[in-house]
Every structure is written in C-alpha cells, then in structure tokens.
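Residue-level structure breakdown
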Amino acid sequence: MSESQRTKVALITGAASGIGQALALAYAQIGVAVVGGYFSGDPHDPRDTECLVSEAGGQCLMHPVDVRSADQVDAFAAVALERFGRIDFAIANAGLLRAAPLTEMRDEQWFEMIDVDLSGVMRTFRAASRHMSEGGAMVAVSSIAGGVYGWENHTHYSAAKAGVPGLCRAVAMELAPRKIRCNAVIPGLIETPQSLDAVNSLGPEGLLEAARGIPLQRVGRPSEIATLIRFLTSEDASYITGQAIIADGGLTVRWPG
Ligand code: NAD
C-alpha cells in the first residue's frame, strides 16, 4: 500500500461537543480515522460523537483526556498509535470559557484558563509531534476574543487565545524541516455549547442580537469551522503554515458604525 492510500489519523481534543464533534464528522466524511478526546468533567456524552462518525461510515475512538495533564495528553497520543499505528493530524480544539472581571480575578482562575486554553495546546502538539508522520499537520483553535478583539470580563481567555497564533508560528518553524505544518484558526461567533452559555458567554439571546451586527447576518455553524480546519490539514493547504485564519462572517472587517 502506498503512503497516500493509508488511512490517515486525526487526534482531536474536545471532540465530544461543538466544533470538535463537527470536525470528527468532517474527517469521517473523507475517510480520516479519529481519536477524539473528551473531558470527563463536562456532561457531553462521547458516544454521541462515536455514533455520528459511525453513521457516516467512519472510524472514531473516544478517549478521556484533560489537557491540563501532560500524562493524560501523552497517553491520548499513545492510544492513537496503539489503535491506528500513526498520527497525521493533531487538532488542539479543547477550550474553557469563563467570565471574570479583572478586579476580582483570582490567580487560580487566571492559571486554570491559561492551563487549558494555551498550555493545553502546547501539550497536545508536543505529544503528537513526537510521533507524527512527515507531511502531517496541526491546527489550534484561537478566537476573535484575544485573537483580534478585546472582550471585557475575559482577560484570561483573551490572553490565552491571543497566545495561540504565536505558539503556532513557532511550532510551524520548528516542524517545517519535518514537513509538518501548523496553523491557527480564529473563529468568530459560532453556535456551540460554549457560546450558548449565558453566564460565561453570550447565550442564545446574545447570539441572536450579535448576529445582527455580523455582515453575513448570522452566527456560524460548528461545521463551518470544522471544514476550515479540515482544509488546513489537507494537501490543498500544502503551502500554508504559520498562519492564523479568521472565519467570522465578516465581523472583524466591518466598517465601524
Ligand atoms: P464546546 O464547549 O462545545 O467545546 C469545548 C470542548 O473542550 C468541550 O468538549 C469541553 O469538554 C472541552 N474541554 C474543556 N476543558 C477541557 C479540558 N481541561 N481538557 C480537555 N477538554 C476540555 O465549545 P466550542 O465552541 O466547540 O469550543 C471549541 C473551541 O473553539 C474552544 O477552544 C473555544 O474556545 C473555541 N472558540 C469557540 C467560539 C464560539 O463562538 N463557539 C469562538 C471562538 C473560539
């Protein structure tokens, strides 16, 4: 069997919901096998992702992983190797979002956010990079919060998400000699459990209101970020590395007023 005929394998953190789940399905649709991470502390049922993928005729193994733990992330990558013998794509998608005003921000809140949303990306890429095949690709999920805009009451989230494109640029340079590419995606407002949380994010009503200010007049679907990530890991993106690509319905280029 030639290299191009082998089943490719994608590692995805945070794959039990939202963008991560949509990505598992998007990979299944093109025959890429998925090893998806789920966080046991959240109520999402990992079997939902497994069912979606298997209905699409794909292969998916869901495995518990907390990206705050280097041991768990290393074990997650080892599972992919044991089950499928290779890792082609590593997607650092897991993310935590909490609201906290700066004046009341406790150090523990700050460090937890950085631990999940920035250090978690590094741990995922570090574990995968030790085993990844030449020609592989990595993508991390940043946000327009921090990646472009400032967001009040979200200093910690914004700082972590602003760090993600910088991390990706450095990884892109370090792994280029191995022909492994690394990029970030910067989603705008996407309807997922995270953005539907009215306490820490916009909530359903806030999303509806925000949609009116988006040039395309709607919030995004998880599948629209998933297909961007899938594109960035595909051969069609073979000359793109070290970039941060925004998908936001035109929100960040809108003329003010
Ligand atoms: P989501 O809440 O459905 O997905 C986030 C996933 O991360 C969940 O499955 C959750 O269980 C997992 N997770 C949380 N803490 C974890 C931990 N410690 N270890 C492992 N997994 C953990 O929401 P989503 O919108 O699909 O989020 C996916 C990514 O997209 C996140 O990084 C998020 O910050 C980013 N993002 C989302 C939006 C949006 O509008 N929804 C916008 C910009 C960026």
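Check the entry above for the structure.
About the thresholds
Residues numbered from 1 in each chain as written. Predicted model: local features only at pLDDT ≥ 70, side-chain atom pairs only at ≥ 80, totals over all residues. Heavy atoms only, no water. Salt bridge = Lys/Arg side-chain N within 4 Å of Asp/Glu carboxyl O. Helix = DSSP H or I, 4+ residues; strand = E, 2+ residues; numbered from the N terminus. Buried < 20%, exposed > 50% of the residue type's maximum accessible area, 1.4 Å probe, protein only. Core = buried A, V, L, I, M, F, W, Y, C linked by side-chain atoms within 4.5 Å. Contact = heavy atoms within 4.5 Å. Near = heavy atom within 4 Å. Polar contact = N/O pair within 3.5 Å; in protein donor to acceptor, adjacent residues only side chain to side chain. 1 Å grid on protein atoms, 1.4 Å probe; cavity = no way out; pocket = protein on both sides within 12 Å on 5 of 7 lines; lining within 4 Å. Sits in = over half its atoms within 2 Å of the grid points. Pairing = 2+ DSSP bridges. Axes fitted to C-alpha atoms, helices over the stretch in contact; angles between N-to-C directions. Arc of directions from axis to C-beta.

Turning our eyes to something else, we now look at the pattern of salt bridges. Counting across every chain of the model gives 9 salt bridges. As a salt-bridge pair, Glu112 and Arg68 come within 3.3 Å of each other at their nearest N and O atoms. In this pair, Glu112 sits in helix α4 (residues 107–129) while Arg68 sits in the loop between β3 (60–64) and α3 (70–84), placing the two residues 44 residues apart along the sequence. Owing to a relative accessible area of 32%, Glu112 belongs among the partly exposed residues under this scheme. Looking at Arg68, the relative accessible area reads 31%, which means it is partly exposed. One salt bridge connects Arg130 with Asp74, and the closest N-O pair in it is separated by 3.6 Å. You can see Arg130 sitting in the loop between α4 and β5 (137–141) and its partner Asp74 sitting in helix α3, a full 56 residues away along the chain. The exposure class assigned to Arg130 is exposed, which follows from its relative accessible area of 52%.

Where a protein is soluble and globular, its nonpolar side chains tend to be buried together. Grouped together as the largest cluster of nonpolar side chains are 38 residues, with contacts concentrated most on Leu11, Val35, Phe125 and Met138. The greatest single-element share of this core, amounting to 7 residues, is contributed by helix α6 (residues 155–175). Residues within four places of Val35 in sequence aside, it is in contact with Val9, Ala10, Leu11, Ile12, Leu61, Phe76, Val79, Ala80 and Phe84. The next biggest cluster of nonpolar side chains, apart from the first, holds 28 residues, and it includes Ile12, Ala24, Cys60 and Val185.

Neighbouring the ligand are 28 residues, the closest being Ser17, Ile19, Asp42, Tyr157 and Thr192. Asp42 is positioned with one of its side-chain polar atoms (N or O) 2.5 Å from an oxygen atom of the ligand. Between the ligand and Gly95 there is a distance of 3.2 Å, counted from an oxygen atom to a backbone nitrogen or oxygen. Put simply, the ligand lies in the largest pocket.

Right, let's talk about the sheet that holds β5 for a bit. Sheet strands pair via backbone hydrogen bonds, and the direction of the pair is either parallel or antiparallel. Reading across the sheet, the 7 strands line up as β3-β2-β1-β4-β5-β6-β7 and stay open at both edges, with parallel pairing between neighbours. Edge positions in the sheet fall to β3 and β7 (244–247), since each of these pairs with one other strand and no more. Strand-to-strand twist across the sheet, computed as the mean angle between neighbouring axes with direction ignored, equals 20°. Bridging between strand β2 (residues 33–38) and β3 involves 5 bridges; their strand directions are parallel.

For helix α7 (residues 203–211), the set of buried residues is Gly203, Leu207 and Ala211. Mapping the buried residues of α7 onto a view down its axis gives an arc of 115°, with all of them on the same face. Those residues of α7 that are exposed and aimed more than 90 degrees away from the buried face are Glu205, Leu208 and Glu209.

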